[in-house]
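# Residue-level structural notes
One-letter residues, chain by chain:
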Amino acid sequence: MNPVISLRGLEYSYGKPDKHLPEPPKVLAGIDLQVDGAELLAIIGATGSGKTTLLQILAGLLLPKKGEARILDLDLANPKIREKELDAHRRRTVIALQRPEEMLFRTYVGDDVAYGPANYGISGRALALRVKEAMEAMGLSYTLFKDRRTDSLSGGEMRKAALAGVLALKPEILLLDEPSAGLDPPSAEELFRRIQDLREQGVTVLFSTHDMEQVMLADRAAVFHEGRLLAVDTPEQLFFYSQIPEQAGLLPPEAARIYRQLKNLGVDMPLNKTPSWDPESLANSIVEALT
Amino acid sequence: MRDFGSFGGGFDLFRRQASSGSLGQLHPGVKAAGLIVGVGTISLINSASGLLFILCCLLVAAGSTGLSAPRLLRPLLPVTPFLVLVVLLHGLTRSSSPGEALLSRGDILPMLIMSLRIITLMGWIGLSSAAVTTPEVSYGIEALFSPLERFGFPAGELGLIATVTFRFIPFLREESERLAKAQTARGGSLGFRSANPFRRMKAALPTMVPLFIGTLRRAEVLAESMHLRGYREKQSRIRLHRYPVKLQDLLWSAAGAAVLAAAVCMQYADTDARLVRELINSISSFRGVAV
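These remarks concern the structure in this document. (Residues numbered from 1 in each chain as written. Chains lettered and ligands numbered in written order. Predicted model: local features only at pLDDT ≥ 70, side-chain atom pairs only at ≥ 80, totals over all residues. Heavy atoms only, no water.)

Before going further, it helps to spend a moment on the pattern of salt bridges. All names here are of chain A. Counted according to the given criterion, the structure contains 20 salt bridges over all chains. When the shortest N-O distance is used, the salt bridge between glutamate 133 and lysine 170 registers 3.3 Å. One end of the pair, glutamate 133, is in helix H4 (residues 124–137); the other, lysine 170, is in the loop between helix H6 (155–167) and strand S7 (173–177), with 37 residues separating them in the sequence. The class of glutamate 133 is partly exposed, set by a relative accessible area of 39%. Residues glutamate 200 and arginine 199 are paired through a salt bridge, measuring 3.2 Å at the closest nitrogen-oxygen approach. Owing to a relative accessible area of 59%, glutamate 200 belongs among the exposed residues under this scheme. Residue class for arginine 199 comes out buried when judged on its relative accessible area of 15%. One continuous salt-bridge network, built from bridges that share partners, spans Lys160, Glu190 and Arg194. (Salt bridge = Lys/Arg side-chain N within 4 Å of Asp/Glu carboxyl O. Helix = DSSP H or I, 4+ residues; strand = E, 2+ residues; numbered from the N terminus. Buried < 20%, exposed > 50% of the residue type's maximum accessible area, 1.4 Å probe, protein only.)

All names here are of chain A. Across 5 bridges, strand S1 (residues 5–13) lies against strand S4 (residues 66–71) in antiparallel orientation. Within S4, the residue paired with leucine 7 across the bridge is alanine 69. The sheet contact formed by S4 and strand S5 (residues 74–75) spans 2 bridges and is antiparallel. Counterpart to isoleucine 71 in the pairing with S5 is leucine 74. Hairpin connection, S4 to S5: the antiparallel pair is bridged by 2 residues, and leucine 72 has positive phi, about 45°. (Pairing = 2+ DSSP bridges.)

Below, the discussion takes up the pairing of strand S9 (residues 220–225) of chain A. All names here are of chain A. As paired elements, strand S3 (residues 40–45) and S9 share 5 bridges and run parallel to each other. Along S9, the bridge assignment pairs alanine 42 with alanine 221. Connecting S9 to the antiparallel partner strand S10 (residues 228–233) that follows it, the hairpin turn spans 2 residues, and glutamate 226 within it adopts a positive phi of roughly 50°.

Turning to the packing of aromatic side chains, a few remarks are in order. All names here are of chain A. Applying the stated criterion across every chain, the model contains 6 aromatic pairs over all chains. Plain terms: the ring middles of tyrosine 12 and tyrosine 14 are 5.1 Å apart, the flat faces sit at 80° to each other, and that makes the pair edge-to-face. Between tyrosine 241 and tyrosine 259 the ring centres are 6.1 Å apart and the planes differ by 85°, which places this aromatic pair in the edge-to-face class. Taken together, the residues tyrosine 241 in helix H9 (residues 235–241) and tyrosine 259 in helix H11 (residues 254–264) connect sequence positions 18 residues apart. A relative accessible area of 32% means that tyrosine 241 is categorised as partly exposed. For tyrosine 259, a relative accessible area of 2% puts it in the buried group. These aromatic residues form a ring-pair network of at least three members: Phe240, Tyr241 and Tyr259. Directly above the aromatic system of tyrosine 12 lies the positively charged group of lysine 65, at a separation of 4.7 Å from the ring centroid. (Phe/Tyr/Trp six-rings, centres within 6.5 Å; stacked < 30°, edge-to-face > 60°. Lys NZ or Arg CZ within 6 Å of the ring centre and 35° of its normal.)

Structure below.
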C-alpha cells in the first residue's frame, strides 16, 4: 500500500530570485518524511522553523521548489501540475490555517460551514447533512448554532465553527496549524479529543503546536529546526530518552523533565515500561521506583 | 505554476531601504518637496521639448544614483495601456482635413506632449520612490508642512496619517493573501494563482468584504493602542531619528529647480516647432524608405 504522505528531499523558499537576492533563503531543506496511514502526527519546532510552510505545501497552497512531495499519489512537486489536480487535492487534504476563526466570513454559522462542500457541488439535503455532521463532530449543536451570527460566537465557538467548516469537506488528510493556540485548557482538551476521534475514523491528522503536553497525545512527532527535520519518533522516545527537542529550542513536558532529572540523580525508573507523561502516572512510577 | 509564496513583495511604492547613491541620502523634506514640486510642474508644462529635457535629466540623475532606466520607468508599466490609448485617440481624432499632410504640427504636438508628460511624471515618481523610504515620507511631509504649524496646520498629524497608511499597506497584502489561502483551502475563488490579471482580480472579489472588516478591526485596535500609549491630538512630538540639512541637499534642490525652470522657459521659446519639424522629417523619410 502506498504511503499517504511521502516527502523526499523537499525544499522551499519564499519569493523569486532576483539581482539583490540570487538565492532566497530556504525555509525548508532536505525534508524526508513518510506517513503510512491514519495517524496523529505532531509537527513541532521553534517559531520560524518551517512548520506552517510544510503544512501549506501539503495542502497545495505552496508548491515545492525541489524534491518530491507525493500526497495521496499526487506529486505536488511536478512542475506540470494543473490547477484542476490541485483543486481535487485540496478537497482531500484540507488545512485549517492559524487562527482558523478568522477564516469565517459568512454571516451565519451554517452558511460558513456549508461554504466548502457547496464549492464542490454538494447541495440540498446532502449539504445540510454534511453541515450537521461537521458541526456536531466539533461539539456545536446544529439546531442551536446554524442560524447564529458568526460575530456573536465566543472565541472557542468561533474556532469550533471554523474547524467544522474544514471537516465538512470530509478530508482524508487534515492539516491543523496551531489549532489550540489561544484556547483555554478545557477547550483545547476538548478539541484534541475530537481530533483523536477523527484519527480513529481513519483520517490522517497533522498538527503543529507549541504546547508540548499536546504533542504527547500524538502517535509520532516530527521535530523541525531552522527548516530541517531533525527527527521523527514517538513523543515518549523524543522527550524521555533524547535531547533532540532541546536542540530544536523546545522545552519538553514537565513529566519528561522530572523523569530525566530523577534518572540523573540515580533513581532507577522502570525503563521496560513506556513512561507515562501525565503527572499522576509519573508520581505512581516514582513511588514504585523508590519503594 | 505560481503559488501563493510567489506573490510576496508585489507592492513596491516606496522602499524599505533607500538607494545607496547621493539621492538616497538627501533630507526627507527635500525629497518630499522635490516630489510635490516636480509632479506639479510636470503636470503644468505644455512643451514637448521641456518635458523631453526633464526626462533626459531624470535619466542622468538616476544613472548617478545607480538606478537603471527600467527600474526608473517601472511605475510606467501599469499606465502603459492608458498611454497607448491616449496616443491612439490623438492619432485617430486629428484635426487636419484629408487633403493635408498625414501628420501636421497640430496633430502630432498634443499627442507628443501628452505621452511625454505621462512618461516624465512616472519617471519622476519612480526616481522619488526609489530614493525614499516609508519613514522618510512621513518625516518629509511633516518637515515640509511644519512652517504652517504656527497657523494651526496639523503637520504632525499629517505625518502620522502617512505613517499609519504605510503601515497598513503590508497588512492589507498579508490579510488578502491569508483570506485567499483560507478560501482556496475550502475550494473557493479559484484563480488567485493564475497568471491572468483579470482572473486574479475576479478571484479577489469575494475577499473584499472580509478584508474591509478586518482592516477596520485592525484600525480600531491600532487607534486604541495609540491612545493607551499616550497619543493626544495637537501635542508636539519629538522623533528618535533626526535628519540634518546638508550641503548636498542644497545642491540637489538647486539642480532640480534649475531643470524645472529651464523646462518652463522652453515653453516660451520656439523649441517645440523645431522638435516637431525634425520628427515629421524623420517620419517622412522613413515612409519614403518603406515605400
